[in-house]
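Chains, contacts and geometry: an overview
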Amino acid sequence: MKTAAIIGGGVIGGGWAARFLLNGWAVRVFDPDPDAERKLADVLANARRALPGLGNVALPAEGELSFHSTIAETVAGADWVQESVPERLDLKQKVYAELQQHTPAAAVIGSSTSGYKPSQLQDGFDNAARIVVAHPFNPVYLMPLVEVVTTPVNPPEVIETAKAIITSVGMYPLHLKKEIDAHVADRFLEAVWREALWLVKDGIATTEEIDNAIRYGFGIRWAQMGLFETYRVAGGEAGMKHFLAQFGPCLTWPWTKLMDVPEFNDELVDLIAGQSDAQSGRHSIRELERIRDDNLVGMMRALSANDWGAGALQNAHDVARMSEAGLARTLDEVADPSQPVLTLNRVVPLDWTDYNGHMTESRYLDAFAQSTDRLMEIIGCDAAYIAAGGSYFTAETHIRHLDEVHAGQPIQVRTRVILGQGKKMHLWHEMYEGERLLATGEHMLLHVDLKTRRSAPPAAHIEAKLTQLAEGQAGLPTPEGLGRAIGAPR
Ligand SMILES: NC(=O)C1=CN([C@@H]2O[C@H](COP(=O)(O)OP(=O)(O)OC[C@H]3O[C@@H](n4cnc5c(N)ncnc54)[C@H](O)[C@@H]3O)[C@@H](O)[C@H]2O)C=CC1
Ligand SMILES: C[N+](C)(C)CC(=O)CC(=O)[O-]
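Residues numbered from 1 in each chain as written. Chains lettered and ligands numbered in written order. Predicted model: local features only at pLDDT ≥ 70, side-chain atom pairs only at ≥ 80, totals over all residues. Heavy atoms only, no water.

Attention shifts here to the UniProt feature "domain: 3-hydroxyacyl-CoA dehydrogenase C-terminal" (unreviewed entry) in the protein. Residues annotated by UniProt as "domain: 3-hydroxyacyl-CoA dehydrogenase C-terminal" (unreviewed entry) correspond here to residues 184–248. Note that residues 184–248 is 80% helix and 0% strand, and that its end C-alpha atoms are spaced 21 Å apart. (UniProt positions renumbered as here; feature names shortened; annotations may be inferred. Helix = DSSP H or I, 4+ residues; strand = E, 2+ residues; numbered from the N terminus.)

The following block contains the structure:
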C-alpha cells in the first residue's frame, strides 16, 4: 500500500487526505491544531458520501488513516508528501526545512500553494529537486485538476512520478513548465474576483446577483468546454477568427477594472459578508458542502455520459480501475466462465436516490444495462464491432425489486447467459449488496444489423463466445424467478 504524508490537514489538506484514503492509500497526517482530527473527520464523512459513487467502477478498499505529532514521524515511509499549511512563505519555508531532514529520498513533495512559485519553496533546500507545486481545487476529493508547476531543478523522473501519482488517484495533472505567481487557474479566479468586488462595492449587483450571473450563464458553459472552445462555437460557422474580429476590439474599451483592487476596509468587508449572510446564511458550511457535492457529482456524471471534459477523465479512471475491481473486458479475462460473470462492481451514486430515500427504480435498469454492456464487450461486441455495424437491441426486460439499497452502498451484478443461440441472447442478472440479493433482471436481446435496423445473426466469433458461456453455465441450478411474469389479473 502506498503512503501519503499530509502536512497541514485543514480545508485543502483534509481534502487531499480524503482523496488518497478513498483511493486505497495509507494516509499519515500532521497538524498542530488540537481540533484537526475532528475537522478532518467531517471532511472525510462528506468525501465518503460523494466520491465513491462518482465513477462506474468501485474504488479500492479504503486506506488507513493515522495522526502524528511530529513531521519526522509523519513522513516516515511516505511515497508522496503534500504540504497544505497556511499561505505564508515564512511558515512554508520552516516546514520545508524540516521536510528536507526527514522525508524519504524517493518521495516527491507537492505544495498546495495557490500563489507561490516552486522556486520560492525550493530555494536553499538540499532536496529542491523533489519539491514541486501541486495546486488542487476545493473540494480536492471531487475536483480533478491539479496544477503541477516545476522548475529546471526538477528532473524528468520527479515530474513523471508526480503526474503518475496524481493520475492514479483519479485527478488531472496540468503540467506548467514555466512558473508564474498564482499559476494559471487562479489568475482567472483573481480576475473574476476583482471584478466581482468592484460590482458589489459600486452597488451594481449583490453577491447573490453575481452568483446568479455565473451559475445561470457562463459558469455552466465553462464547466463543459472552458473558454476557447466555447468562444469558437460562439463565432458561428466562421469560428474563432470571426469571434475575435467581432469581440476582440471591445477589450480596449474601458469595461474592466482589472488593474485596480478595491480597498479592503471594514465597510467593504461588512457589505460583502452581510450580503453573503442574507444569501446563504440559512445553511451551515457542512450543509453547503453537501449541496455543492451533490451538484458536482450530478454534473460530472452527466459529463461522463457524454464522455466529455471532467466526465471523460472519470471514464478513463474507471477503465484503469476495472481489472483491480474484478471486471473483465474479454472472455479470456473472466476467471471462471462456468460461473456467473461479475459485470458490475460500483457504489450507488448520490444522484440515483429518489424521494423515498433509496435507489430509484429506473436505476436498477440503468445498473443492469451497464451489466449487459459489459457482457456484450466480453463476448466481443465492443466499440469496434458496433462501429462495423453489428450490435444487440433489448427486446424484453423483467426486473424484480427484492430489497432496498441506498446511496453510498456497494453493489455488484453477476450475470448468467441462459441462452446464446443465433440472434438470441437471454441474460439473467442478479444484483447484490454483499450477500444480500437486491434485484434480478431478465433480458432478451436480439442481434441486429445496424444498417437495416433488423435482426440478423451475429458474427461467428460473437456467437462462439456466447455459446461457450451459455454451455459452460448450463450445469448451474435454474435461477429462482427465471421466466417469472407479473401475470394478468384473474
Ligand atoms: N482554501 C482553498 O480554497 C485553497 C487553498 N489552497 C492552498 O492550500 C494551502 C492550505 O490552505 P487551506 O487548507 O485553505 O488553509 P486552512 O487554514 O484551512 O488549513 C491550514 C492547516 O494547516 C495547519 N498548520 C498550521 N501550521 C502548521 C504547521 N507548521 N505544520 C502543519 N500544519 C500546520 C493549520 O492548523 C490548518 O489546519 C494554502 O497554501 C492555500 O493557498 C489551494 C487551493 C484552494
Ligand atoms: C482562493 N484560492 C486562491 C485559494 C483558490 C484556489 O487556489 C483554488 C480553488 O479551489 O478555487
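Time to look at the packing of aromatic side chains. Taken as a whole, this structure holds six aromatic pairs when the rule is applied. Between the aromatic rings of Phe 243 and Phe 247, the centroid separation amounts to 4.8 Å while the plane-to-plane angle is 45 degrees, which identifies the pairing as tilted. Linking Phe 243 with Phe 247, this pair stays in helix α10 (residues 239–247), spanning four residues, or about one helical turn. Look at Phe 243 and you get buried, because its relative accessible area is 10%. Among the aromatic side chains, those forming a connected cluster through ring pairs are Trp 16, Phe 20 and Trp 25. The ring centre of Trp 352 lies 4.7 Å from the NZ or CZ of Arg 346, which sits over that ring. (Phe/Tyr/Trp six-rings, centres within 6.5 Å; stacked < 30°, edge-to-face > 60°. Buried < 20%, exposed > 50% of the residue type's maximum accessible area, 1.4 Å probe, protein only. Lys NZ or Arg CZ within 6 Å of the ring centre and 35° of its normal.)

What follows deals with the pattern of salt bridges. If you walk through the whole model with that rule in mind, you get 23 salt bridges. The partner of Asp 294 in a salt bridge is Arg 49, with the nearest N and O atoms 2.9 Å apart. One end of the pair, Asp 294, is in helix α12 (residues 285–305); the other, Arg 49, is in helix α2 (residues 36–50), and 245 residues separate them in sequence. With relative accessibility at 32%, the residue Asp 294 sits in the partly exposed group. Residues Arg 374 and Glu 377 are paired through a salt bridge, measuring 2.9 Å at the closest nitrogen-oxygen approach. A residue pair is termed a helical-turn pair when its members lie 3 or 4 positions apart in one helix, as Arg 374 and Glu 377 do in helix α14 (residues 361–378) at three residues. With a relative accessible area of 17%, Glu 377 lands in the buried category. Counted as one network, the salt bridges with shared partners bring together Asp 35, Arg 38, Asp 42, Arg 286 and Glu 289. (Salt bridge = Lys/Arg side-chain N within 4 Å of Asp/Glu carboxyl O.)

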